[in-house]
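What the coordinates show
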Amino acid sequence: MNPAKIARFGDSERYFICPICHDALHLDGTSLRCADRHTFDIAKQGYVNLMPAAKQSPFYNKESFANRARILEAGYYDHIRDAVLDAIPSAADFAGPYSGERPAILDVGCGEGFYSRAVQRANPQVDVLAFDISKDSIQQAAREDTGMAVKWFVGNLADLPVRDGAIDCVLDVFSPINTAEFHRVMKDDAVVVKVVPGTHHDEQLRELAREQLRNTDYSNEHVIEQFCGHFDVLSMRTVSQTLAMPPADVRTFAHMTPLLFNADIDALDLTQISELTIEARIIVARK
Ligand SMILES: [Zn+2]
């Protein structure tokens, strides 16, 4: 295996704990291992599965991740990616009692790794850890990580294989939060960058599927409210763009958006859609 694929796990004891006994994990050859000798091999793509009993979602499979990757790489989410990069503190901002160590960013539910790779590229002096519950998505994310610097792993949001107080910044893009686990892994002065879909996100598709959707009014206010109850909000902004979208991309998009997971996409006349609004709220908060 390419040594660079292993090297990124060289300081694993700083970040990773065994998902079985919660002891520190150390790099041992091409595996991460705890004192009890629970062993997690580094896969050839350059990730480690720290959730041995991972279940696959019927809605997220190789095909849906490939579709998502295609839409993301086509640039429709570039304004959201750029806003995420703006919201992430730079290495210089991670001062205080922990300065001197490499700061660490944890990408929660990273999917195919679009944001993690961008964050790592923009912040080479920062350790980026990224996980998802889906092995397929992590495989794809690691495969496309030409910089081979992101520490990819399969993991469980409800029981993160991450040490207490190891993280300077949690990044959560369109993923669920787990307040207790976020608080546990964050340093005292750490921040969360939380991204939720905006009110107008996908509105053209929602309008088209109106009859099939139980609730076309798309509000994330309760998610935001709940989040604000657990974290000290520093800033909140909305980024939005309405972009022309060719029919092939509309079709791909319709098949990848969680909005239509329970809809009969074949019954929709997707040719009515020629543009789509991609909108997100970006919240920066402290523990
Ligand atoms: Zn163990």
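Being a predicted model, the structure only gives us computed values, none of them experimental.

Observations concerning the side chain of Gln 139
With respect to the helices, strands and loops of the structure, Gln 139 is situated in helix α5 (residues 135–143). Polar side-chain contacts of Gln 139 include one of 3.2 Å to the side chain of Tyr 47. In this structure Gln 139 touches Gln 45, Tyr 47 and Lys 62, once residues within four positions along its chain are discounted.

Things to note about the sheet that holds strand β1 (residues 26–28)
The strand order across the open sheet formed by 3 strands is β1-β2-β3, and the pairing between neighbours is antiparallel. With one partner strand each, in any of the chains shown, β1 and β3 (39–41) form the two edges of the open sheet. Each neighbouring strand pair of the sheet contributes to a mean axis angle of 35 degrees, computed without reference to strand direction. As paired strands, β1 and strand β2 (residues 31–33) are joined by 3 bridges and run antiparallel to one another. Bridging from a neighbouring strand, His 26 pairs with Arg 33 of β2.

As for the UniProt feature "binding site: Zn(2+)" (unreviewed entry) in the chain
Residues given the UniProt feature "binding site: Zn(2+)" (unreviewed entry) here are Cys 18, Cys 21, Cys 34 and His 38. Of the residues just listed, which span 21 residues, no C-alpha pair is farther apart than 8.4 Å, and they cluster in one region. Here Cys 18 lies in the loop between α1 (3–7) and β1. Look at Cys 18 and you get buried, because its relative accessible area is 0%. In this fold, Cys 34 is placed in the loop between β2 and β3. Residue Cys 34 is classed as buried on the basis of its relative accessible area of 5%.

Looking at the UniProt feature "binding site: S-adenosyl-L-methionine" (unreviewed entry) in the chain
In the numbering used here, UniProt assigns the feature "binding site: S-adenosyl-L-methionine" (unreviewed entry) to Tyr 77, Glu 112, Gly 113 and His 201. Tracing the sequence through the fold places Glu 112 in the loop between β5 (104–108) and α4 (114–122). Engagement of the side chain of Glu 112 in a polar contact is seen with the side chain of Arg 68, the distance being 2.8 Å. Turning to its location among the elements, Gly 113 is positioned in the loop between β5 and α4. Given a relative accessible area of 0%, Gly 113 falls into the buried group. In this structure, Gly 113 is in contact with Ala 141 and Trp 152, ignoring residues within four places of it in sequence.

Side note on helix α2 (residues 62–73)
With 12 residues, α2 extends 16 Å from end C-alpha to end C-alpha; this agrees with the ideal 16 Å at 1.5 Å per step. Every buried residue of α2 is accounted for by Ser 64, Phe 65, Asn 67, Arg 68, Ala 69, Ile 71 and Leu 72. Contacts made by the buried residues of α2 are with α3 (78–87), α4, α5 and α9 (247–256). Following α2 by one or two positions, Gly 75 has its phi on the positive side, about 100 degrees.

Things to note about the pairing of strand β6 (residues 127–132)
Counting buried positions along β6 gives 6 out of 6 residues, so the element sits mostly inside the fold. By the alternation rule, side chains of β6 split into Asp 127, Leu 129 and Phe 131 and Val 128, Ala 130 and Asp 132, which are all buried. Taken together, the 5 bridges between β5 and β6 define a ladder with parallel strand orientation. Across the sheet, the residue bridging to Ala 104 is Asp 127, located in β6. In the classification by handedness, the crossover that spans β5, the intervening α4 and the parallel β6 is right-handed. Relative to strand β7 (residues 151–154), β6 is paired through 4 bridges, and the arrangement is parallel. Bridge pairing in β7 places Leu 129 opposite Lys 151. With respect to chirality, the unit in which β6 leads through α5 into the neighbouring parallel β7 is right-handed.

Examining the nonpolar core
Among the nonpolar cores identified, the biggest contains 55 residues, and Tyr 77, Tyr 115, Trp 152, Leu 171, Leu 205, Phe 253 and Leu 260 are the most heavily contacted of them. In terms of residue count, strand β11 (residues 275–286) provides more of this core than any other element does, 5 residues in total. Filtering out sequence-adjacent residues up to four positions away, Phe 253 remains in contact with Ile 71, Tyr 77, Asp 202, Leu 205, Met 245, Leu 276 and Ile 278. By size, the runner-up hydrophobic cluster in this structure holds 35 residues, among which are Cys 18, Leu 129, Val 162 and Ala 190.

Considerations on the packing of aromatic side chains
Following the criterion strictly, the structure yields 7 aromatic pairs and no others. Between Phe 114 and Tyr 115, the ring centres sit 4.9 Å apart and the planes meet at 80 degrees, which makes this aromatic pair edge-to-face. This pair shows no difference in class: Phe 114 is buried, exactly as Tyr 115 is. Aromatic rings pair up to connect Phe 9, Phe 16, Phe 131 and Phe 153 into one cluster.

Reading guide: rules and limits
- Residues numbered from 1 in each chain as written.
- Predicted model: local features only at pLDDT ≥ 70, side-chain atom pairs only at ≥ 80, totals over all residues.
- Heavy atoms only, no water.
- Helix = DSSP H or I, 4+ residues; strand = E, 2+ residues; numbered from the N terminus.
- Polar contact = N/O pair within 3.5 Å; in protein donor to acceptor, adjacent residues only side chain to side chain.
- Contact = heavy atoms within 4.5 Å.
- Pairing = 2+ DSSP bridges.
- Axes fitted to C-alpha atoms, helices over the stretch in contact; angles between N-to-C directions.
- UniProt positions renumbered as here; feature names shortened; annotations may be inferred.
- Buried < 20%, exposed > 50% of the residue type's maximum accessible area, 1.4 Å probe, protein only.
- Expected span 1.5 Å × (residues − 1).
- Right-handed = clockwise from strand over helix to strand, strands pointing away.
- Core = buried A, V, L, I, M, F, W, Y, C linked by side-chain atoms within 4.5 Å.
- Phe/Tyr/Trp six-rings, centres within 6.5 Å; stacked < 30°, edge-to-face > 60°.

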